[in-house]
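Spelled out from the first residue to the last, the chains are:
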Amino acid sequence: MASAAHGHTPAAWTGVVISFVGFCVAGVAMIMPNVVLTIAGLAVVLIGGVVGKAMSMAGMGKQPSKNYAPASTEERSAVTAA
């Protein structure tokens, strides 16, 4: 799993940190019974996911591996014919 660099990208770390801050805010707000702050914390969690996905789409996420490229039609037909 470590060779695949799962989650070791700026997009993943940024999304997780933003979401973690949102969870912390929402958790503290639940203890203080503050509904508005709880909803704001949950909104920050969702924003973390959106930011992580946007950064990944912008090229800061995991790049496709050349080792796991989909096989072409010719390669698939050669394997099935053998």
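Only a predicted model underlies this, so the values are computations on that prediction, with no experimental measurement involved.

**Q** Help me out: how do you make sense of the UniProt feature "transmembrane region" (unreviewed entry) in the protein in this one?
**A** Here, UniProt's "transmembrane region" (unreviewed entry) annotation points to residues 12-31 and 37-56. The straight-line gap between the two end C-alpha atoms of residues 12-31 is 29 Å; of that span, 100% is helix and 0% is strand. Helix makes up 100% of residues 37-56 and strand 0%, and the two end C-alpha atoms of the span are 29 Å apart.

**Q** Help me understand the packing of helix H1 (residues 10-31) against helix H2 (residues 35-60), please; the structure alone is not making it clear to me.
**A** Taken N-terminus to C-terminus, the directions of H1 and H2 make an angle of 180 degrees; their axes are 7 Å apart at the nearest point. Classified by the angle their axes make, H1 and H2 are roughly antiparallel. Here the residues of the contact of H1 with H2 are counted per class, giving 16 nonpolar, 10 polar and no charged.

**Q** I keep staring at H2 and nothing clicks. Help me out?
**A** The periodicity of an α-helix, 3.6 residues per turn, causes residues three or four positions apart to be oriented the same way. The first and last C-alpha atoms of H2 sit 35 Å apart over 26 residues, in line with the 38 Å expected at 1.5 Å per residue. Buried-residue contacts for H2 involve H1. Regarding H2, its N-cap is Asn-34, as a side-chain oxygen of that residue lies 3.3 Å from the backbone nitrogen of Val-36 further along.

Analysis parameters
Residues numbered from 1 in each chain as written. Predicted model: local features only at pLDDT ≥ 70, side-chain atom pairs only at ≥ 80, totals over all residues. Heavy atoms only, no water. UniProt positions renumbered as here; feature names shortened; annotations may be inferred. Helix = DSSP H or I, 4+ residues; strand = E, 2+ residues; numbered from the N terminus. Axes fitted to C-alpha atoms, helices over the stretch in contact; angles between N-to-C directions. Parallel < 35°, antiparallel > 145°, perpendicular 65-115°, else oblique. Nonpolar A, V, L, I, M, F, W, Y, C, P; charged D, E, K, R; others polar. Expected span 1.5 Å × (residues − 1). Contact = heavy atoms within 4.5 Å. Polar contact = N/O pair within 3.5 Å; in protein donor to acceptor, adjacent residues only side chain to side chain.

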